[in-house]
Protein chains: 2
Amino acid sequence: MVVSIGVDVGGTNIVCGAVDENGRVLRKLKRPTEAKLGQESVLNRIADMVRVIRNAMASEHFVSCVGVGIPGLVDSKKGISKFAGNLKWRNVSVAPELEKQIGLPVYIDNDVRLYIYGEAIAGAGRGYSHILGITIGTGIAAAIVNDGKLLYGHKSMAGEIGHVRMAGVEERCSCGLVGCLETVASASGMVRQAKKAIAEGRESLLMQWFPGGDIDKLTAADLSKAMDEGDALATETIIRAGILNGQALAAAATVLSPELIVVGGGGALAGDRLLGPLRDEFYRLILPDFREDLKIVTAEHNDDAGIIGSALHAIHQS
Amino acid sequence: MVVSIGVDVGGTNIVCGAVDENGRVLRKLKRPTEAKLGQESVLNRIADMVRVIRNAMASEHFVSCVGVGIPGLVDSKKGISKFAGNLKWRNVSVAPELEKQIGLPVYIDNDVRLYIYGEAIAGAGRGYSHILGITIGTGIAAAIVNDGKLLYGHKSMAGEIGHVRMAGVEERCSCGLVGCLETVASASGMVRQAKKAIAEGRESLLMQWFPGGDIDKLTAADLSKAMDEGDALATETIIRAGILNGQALAAAATVLSPELIVVGGGGALAGDRLLGPLRDEFYRLILPDFREDLKIVTAEHNDDAGIIGSALHAIHQS
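Residues numbered from 1 in each chain as written. Chains lettered and ligands numbered in written order. Predicted model: local features only at pLDDT ≥ 70, side-chain atom pairs only at ≥ 80, totals over all residues. Heavy atoms only, no water.

Caption draft 1: Just the overall build of chain A, in detail. From N to C terminus, chain A includes 11 helices and 13 strands. The C-alpha atoms of chain A give 20 Å as radius of gyration, which agrees with the globular expectation for 318 residues (20 Å, within 12%). Considered along the principal axes of its C-alpha atoms, chain A spans approximately 60 × 50 × 35 Å. Taken across its 318 residues, chain A has 57% of its residues classed as buried. Intrachain contacts of chain A at a sequence separation of at least 6 include 61% that bridge at least 24 residues. Of the roughly 12,900 Å² that chain A leaves accessible, carbon and sulfur atoms contribute 48%. Taken as two groups, the 33 positive and 37 negative side-chain charges of chain A have centres that lie 6 Å from each other. (Helix = DSSP H or I, 4+ residues; strand = E, 2+ residues; numbered from the N terminus. Rg over C-alpha atoms; globule rule 2.2 N^0.38 Å. Buried < 20%, exposed > 50% of the residue type's maximum accessible area, 1.4 Å probe, protein only. Contact = heavy atoms within 4.5 Å. Areas by Shrake-Rupley, 256 points an atom, 1.4 Å probe, with all protein chains shown as cover. Lys, Arg positive; Asp, Glu negative; His and termini not counted. Charge placed at Lys NZ, Arg CZ, Asp CG, Glu CD.)

Caption draft 2: Geometry of the environment of Ser257 of chain B. Residue and element names in this part refer to chain B. Residue placement: Ser257 occurs in the loop between α8 (232–256) and β12 (260–264). Judged by its relative accessible area of 2%, Ser257 falls in the buried class. Put simply, Ser257 and Thr237 are 20 residues apart on the chain and 29 Å apart in space, counted from C-alpha to C-alpha.

Caption draft 3: Expanded view of the nonpolar core. Counting 120 residues, the largest nonpolar core has Ile161 of chain A together with Ile161 of chain B as the members making the most contacts within it. Dropping the residues within four chain positions of it, Ile161 of chain B is found in contact with Thr254 and Val255 of chain A together with Ile134, Ile140, Ala141, Ala142, Leu181, Ala248, Leu249 and Ala252 of chain B. (Core = buried A, V, L, I, M, F, W, Y, C linked by side-chain atoms within 4.5 Å.)

Caption draft 4: Inspection of the pairing of strand β4 (residues 62–70) of chain B at higher detail. Residues and elements named next belong to chain B. Buried residues dominate β4, accounting for 8 of its 9 residues. Sheet topology note: the strand β1 (residues 2–9)/β4 ladder contains 6 bridges and is parallel. Residue Ile5 lies in a different strand from β4, and its bridge partner there is Val66. Inspection of the sheet shows β4 paired to strand β8 (residues 106–110) by 5 bridges, in the parallel sense. Within β8, the residue paired with Val66 across the bridge is Val106. (Pairing = 2+ DSSP bridges.)

Caption draft 5: The environment of Val52 of chain B, seen in detail. Residue and element names in this part refer to chain B. Along the chain, Val52 turns up in helix α1 (residues 39–57). Taking the C-alpha atoms as reference points, Val52 and Lys28, 24 residues apart in sequence, are found 10.0 Å from one another. Excluding residues that lie within four positions of it along the chain, Val52 makes contacts with Leu29 and Arg31.

Caption draft 6: Summary view of helix α8 (residues 232–256) of chain A. All names here are of chain A. Over its 25 residues, α8 runs 36 Å from end to end, which matches the ideal 36 Å to within 8%, given 1.5 Å per residue. Looking at where α8 begins, the residue whose side-chain oxygen comes 3.0 Å from the main-chain nitrogen of Ala234 is Asp231. Of the residues one or two after α8, Ser257 is the one with positive phi, at around 55°. (Expected span 1.5 Å × (residues − 1). Polar contact = N/O pair within 3.5 Å; in protein donor to acceptor, adjacent residues only side chain to side chain.)

Caption draft 7: Structural detail: the packing of aromatic side chains. Residue and element names in this part refer to chain A. The tally for this structure, following the rule as stated, stands at 2 aromatic pairs over all chains. Considering the side-chain rings of Phe282 and Tyr283, the 5.3 Å spacing of their centres and the 90° angle between planes classify their relative orientation as edge-to-face. Among the residues examined, Phe282 registers a relative accessible area of 0% and is labelled buried. Residue Tyr283 is classed as partly exposed on the basis of its relative accessible area of 23%. (Phe/Tyr/Trp six-rings, centres within 6.5 Å; stacked < 30°, edge-to-face > 60°.)

Caption draft 8: How the structure looks around the sheet that holds β4 of chain B. Residues and elements named next belong to chain B. Judged by pairing direction, the sheet is mixed, and its 5 strands sit side by side in the order β3-β2-β1-β4-β8 without closing on themselves. Taken across any chain shown, the strands that pair with only one partner, and hence form the sheet edges, are β3 (25–32) and β8. Pairs of neighbouring strands in the sheet enclose a mean axial angle of 20°, with direction left out of account. Most of the contacts of helix α2 (residues 94–102) go to β8, to which it runs at about 150°, and overall it touches β4 and β8. With respect to the sheet, helix α11 (residues 305–317) is in contact with β1, β2 (13–20), β3, β4 and β8, its orientation differing from that of β1 by roughly 130°. (Axes fitted to C-alpha atoms, helices over the stretch in contact; angles between N-to-C directions.)

Caption draft 9: Here's a closer look at the side chain of Asp222 of chain A. Among the secondary structure elements, Asp222 of chain A is positioned in helix α7 (residues 220–228). Excluding anything up to four places from it in sequence, Asp222 of chain A contacts Leu206, Trp209, Phe210 and Lys217 of chain A.

Caption draft 10: Representation of the sheet that holds strand β13 (residues 295–298) of chain B within the structure. Residue and element names in this part refer to chain B. Taken together, the 5 strands give an open sheet; going across it, the order is β11-β10-β9-β12-β13, and neighbouring strands pair in mixed fashion. Two strands bound the open sheet, and with one partner strand each, they are β11 (149–150) and β13. Pairing geometry for strand β10 (residues 140–146) and β11, over 2 bridges, is antiparallel. Across the sheet, residue Val145 finds its bridge partner in β11, namely Leu150. The sheet strands contacting α8 are β9 (131–136), β10 and β12, and the helix crosses β9 at an angle near 155°.

Caption draft 11: Local environment of helix α1 (residues 39–57) of chain A. With 19 residues, α1 of chain A extends 27 Å from end C-alpha to end C-alpha; this agrees with the ideal 27 Å at 1.5 Å per step. Buried-residue contacts for α1 of chain A involve β1 (2–9), β2 (13–20), β3 (25–32), β4 (62–70), β7 (89–93) and α2 (94–102) of chain A.

Written as structure tokens, this is what we have:
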């Protein structure tokens, strides 16, 4: 069977896996990114990981190509990472360099786009042609599958839903704007909002769990736990994030007409705590003609969708 | 030279024209739609108009196909108008019926999509690959050109930007929702808002221009005139519509990353009165990375874009 290798380059870890044509992960490897050692070191590490996986596959499978998902702005035609804040990369020639080292065709693209592609082709979106995917993590990003194909937009910059301005949000965003969705409705945004409220004297169970300076260790998972314990601050923070994501998705869906919305990323792990208010708000705002057909689901392969999508997209490009 | 015939079926008039491959209109005909006489009568009238134009062309040009733009929901694969409120049509078999009468391949599609396609290929969008088009008229609708091709979405329902819910808008929309963009920011919406303010006792030049019951004759063009005379109500109404359109377009562009936004329809005739505040709001809200590249322009062929787009899209389909 033909397999390809998918690589998901994150700020913390690189995950690399062999994936078959049906999107099954046959073997997987994870190593720290250590971006601080420089781009050459990261590229060498990716090439090493691909070699390890390829050798492990060699006896049974023919490895045809490699797909790499990279955060930030990617010029997938030239194979260049134009800007990746997490990695401190600017105009890094990823695909040509890896092809030289690996000796296989290498295709690169934005990591969220490939994650949603993985879900679209071999996950929650299997069988659907028009998908709007969103990942709720450190930031919030979207990817659009139109008639089975990824949509890129000018300069491959489609999908910046995290920077849609939301009414009633006044936080300053790292992009320079004020009121962007991701400032309060991403996983990191929810954590920031909760910490800020506590710093302003709001009472919460979280203060007992993380006394004093320890509050810096607060995660989105802790917010879910506190919501389950009935904590008002955690509950309000998650519900507000759900409502705002629902509003942004309703506006996007009204323009795009997807048949499925897939919600992934760390934030999706909050499950119905977040998805409940998100769905309620979404269906309240969406055109009646869209309502009956349009489902909102969570990602199926939250952890592996990145490598699955990278690998399958590479196969479909080659 | 190969020419095709474009037909734009509106609630009031049918316009039919011969268009060459470069998008030049060679000959044009306009007749009242008279939808009240029934669908058969309208289809016969379209076929008649196509015959007249075709005969006029016959000596010089080969007419290869016909494109028809129809308001509302269109199943372009089957050639069926699924729902057109203006025409009181539901599941009308347009393309098969016209093909029988005319003896040429007939392609149908949504009128706004074809209008924007006309602008994209042979108008303000010439040379651009990623275009977000909007028509501001009785309602507000969008069409998306992605990598040179029209985007349809599930059930061909992409582009319903007029039904994005806007913060601060409380009008009930004919779609059943509350606060849709088009309730206050379309040409008709602006007129309704101005009439409503006058009925509530707001002073305005318009009261002198249209005393008493005559206010029913108020048009969007009158609002432009009153704005030029310094009328506060007209000015506020148009500026508010510009700001709201700017907000909805900024949200859509953040997700789609177009390189050009084309504004057409009757509302675009207000020119910079509307486009000024629209642009100001749009650029205030859009990601800095998008800002430099993204232009907002008015349609070039406001009157003819529909027949040009219908004709060219038919050629490109055949």
